[in-house]
Amino acid sequence: MLIDGFGRKHDYLRVSVTERCNFRCQYCMPEKPFSWVPKENLLSYEDLFKFIKASIDEGIKKVRITGGEPLLREGLEQFIKMIYDYKNDIDLALTTNGFLLPNAAQKLKDAGLKRINISLDSLNAATAAKIAQKDVLETVLEGIQAAADAGLKIKINCVPIKGINDVDLVEVLDFCKSKGYVVRFIEFMENNHAKDGAKGLNSDEIKAIIATKYPNFKMVPRDNSSPAQYYELEDGFQFGIIEPHKDDFCAACNRIRLTAEGFLIPCLYFEDAMSIKDAVRSNNIDEAVAILKKVLAGKPEKNKWSNKKDDNEISTRAFYQTGG
Ligand code: SAM
Ligand code: SF4
């Protein structure tokens, strides 16, 4: 079992397979690319898999593939199949912007993928284009439908940004409700790669907007295995809010992140990281596991995003590298 220095059990590994992306979301990488990590610096699927196998043996029960945009990396289906074939009862999931899903969804499902999280910030084409800096909505909606048709369990992620998609939140919720998808609104996590001046909505502001149409939702008791706090509408439909600015957000953190370059990152906020690249490339898996345990031992207690306006700090970590 993997336990960090604060006694938190870790059973969830997020693996970024690329930092590259076909969108330029304002809250993530509005200015990129100026230079990408050269492909030879990335770990091969075989090397990533060696580490994933070892971490499953150490107690990891959930693996999520992310990026950048993970579907940009060729051969992703085969990578997913490698993981599935090693242990088919782990929770195998993917986070994607959905743009390449129309052709990929069925292949991903056939390879063993179980669940998929898709980003959808607005159902207004112009607003979606403003956020992603590309005309994306129609194709993303086709991608979501393809995932549903393939039988993947779908969650929708939406990052509310003031003055941009705040007016669209009820529509996103209603869309998910009509389709039976889980929806989570994610508080914007300030970082110095995002567009200057971008401001997110906090959980109270998000709830106030939902309340304009659904005034009587109630809080659902917290499930510590999820980063989201869920709320239930009168008809039983639940929506989630991921609230990293809350003081107790990190108390139940169970996740560790591996970047495409082989850095293990204990916390989304901080720059701290240790590389397993040399260890896996030289087949020294014991050393890679020792590094994993060291990273966990040094994992910070909590992030430094905060609800208190004066305290709210800016992270220097890039979401497209850690995979969110
Ligand atoms: N490209 C894929 C996507 O967008 O779903 C996967 C990678 S993306 C970094 C993973 C998640 O992080 C997405 O749901 C995205 O909305 C979220 N994200 C990116 N930057 C964020 C930020 N500054 N604050 C909150 N969430 C963010
Ligand atoms: Fe790309 Fe995802 Fe970042 Fe948007 S949030 S720029 S889709 S990695």
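These numbers come from a predicted model, not from an experiment.

A. Looking closely at unusual backbone geometry. Omega for the bond connecting Lys32 with Pro33 falls within 30 degrees of zero, at 5°, which places this linkage in the cis form. Positive phi outside glycine occurs at Gln133, with the angle close to 60°. Following the sequence through the fold, Gln133 ends up in the loop between helix 4 (125-132) and helix 5 (137-150). According to the relative accessible area criterion, Gln133 is partly exposed, its value standing at 44%. Positive phi outside glycine occurs at Asn283, with the angle close to 60°. For Asn283, the position within the fold is in the loop between helix 8 (277-281) and helix 9 (285-297).

B. Quick peek at the site of ligand 2. In the region of ligand 2, the neighbouring residues are Cys21, Phe23, Cys25, Tyr27, Cys28, Met29, Gly68 and Asn97. Here the residues of the shell around ligand 2 sort into six nonpolar, two polar and no charged.

C. Inspection of the pairing of strand 5 (residues 91-96) at higher detail. Within strand 5, five of the six residues are buried, which leaves it mostly tucked inside the rest of the structure. Pairing analysis gives four bridges linking strand 4 (residues 62-66) to strand 5, with the strands arranged parallel. The partner of Arg64 across the bridge, within strand 5, is Ala93. For the crossover from strand 4 across helix 2 (residues 76-86) to strand 5, the handedness is right-handed. Pairing geometry for strand 5 and strand 6 (residues 115-119), over four bridges, is parallel. When the sheet's bridge partners are listed, Thr96 is paired in strand 6 with Ile118. As a crossover connection, the stretch from strand 5 through helix 3 (residues 101-111) into strand 6 is right-handed.

D. Spotlight on the UniProt feature "binding site: S-adenosyl-L-methionine" (unreviewed entry) in the protein chain. According to UniProt, the "binding site: S-adenosyl-L-methionine" (unreviewed entry) feature falls on Tyr27, Gly68, Ser119 and Met189. Each residue touching Gly68, except ones within four places of it in the same chain, is listed here: Ser16, Thr18, Glu19, Arg20, Cys21 and Tyr320. Note that Ser119 resides in strand 6. Leaving out residues up to four positions away in the same chain, Ser119 has contacts with Thr96, Asn97, Val140 and Asn157.

E. Representation of the packing of helix 2 against helix 3 within the structure. Remark: helix 2 packs on helix 3, axes separated minimally by 8 Å, with the N-to-C direction vectors making an angle of 20°. The angle between the axes of helix 2 and helix 3 places the two elements in the roughly parallel class. As for the relative orientation of helix 2 and helix 3, their crossing is right-handed in sense. Contacts between helix 2 and helix 3 pair Leu76, Glu77, Ile80, Lys81 and Tyr84 from the former with Ala104, Lys107, Leu108 and Ala111 from the latter.

F. Region of interest: the sheet that holds strand 9 (residues 218-219). Reading across the sheet, the 12 strands line up as 9-10-11-8-7-6-5-4-3-12-13-14 and stay open at both edges, with mixed pairing between neighbours. Among the strands making up the open sheet, the edge pair consists of strand 9 and strand 14 (274-275). The pairing of strand 13 (residues 263-265) with strand 14 spans two bridges and is antiparallel. Paired with Leu264 across the strands is Met274, a residue of strand 14. Across the face of the sheet, helix 2 comes into contact with strand 4 and strand 5 while running at roughly 170° to strand 4.

Parameters and conventions
- Per-chain numbering applies: the sequence of each chain, read as written, is numbered from 1 onward.
- For naming, the first written chain is A and the first written ligand is 1, with later ones following in the order written.
- Where totals are concerned, whole chains, interfaces and linings use all residues; where local detail is concerned, this predicted model gives features only for residues with pLDDT of at least 70, and gives and counts side-chain atom pairs only at 80 or more.
- The side-chain numbers reported here are obtained from all heavy atoms of the structure, hydrogens and water having been left aside.
- Numbering goes from the N terminus for both helices and strands, where a helix is a DSSP run of H or I of at least four residues and a strand is a run of E of at least two.
- Relative accessibility thresholds used throughout: buried, under 20% of the residue-type maximum; exposed, over 50%; partly exposed, between the two (1.4 Å probe, protein chains only).
- By convention in this text, a residue qualifies as near a molecule or strand provided that one of its non-hydrogen atoms is within 4 Å of it.
- Each residue is assigned to one of three groups, with Ala, Val, Leu, Ile, Met, Phe, Trp, Tyr, Cys and Pro labelled nonpolar, Asp, Glu, Lys and Arg labelled charged, and all others, Gly among them, labelled polar.
- Should DSSP find at least two bridges between two strands, the strands are regarded as paired.
- Look down the strands so they point away from you; if the path from the first strand over the helix to the second goes clockwise, the crossover is right-handed.
- UniProt positions are given in the numbering used here, feature names are shortened, and annotations may be inferred rather than shown by experiment.
- Contacts: residue pairs with any heavy atoms within 4.5 Å of one another.
- Helix axes are fitted to C-alpha atoms over the stretch in contact, other axes to C-alpha atoms as well, and angles between N-to-C directions run from 0 to 180 degrees.
- With respect to orientation, any angle under 35 degrees is reported as roughly parallel, any angle over 145 as roughly antiparallel, any angle of 65 to 115 as roughly perpendicular, and every other angle as oblique.
- For any helix crossing, the convention is left-handed if the near helix is rotated counterclockwise from the far helix by under a right angle, and right-handed if that rotation is clockwise.

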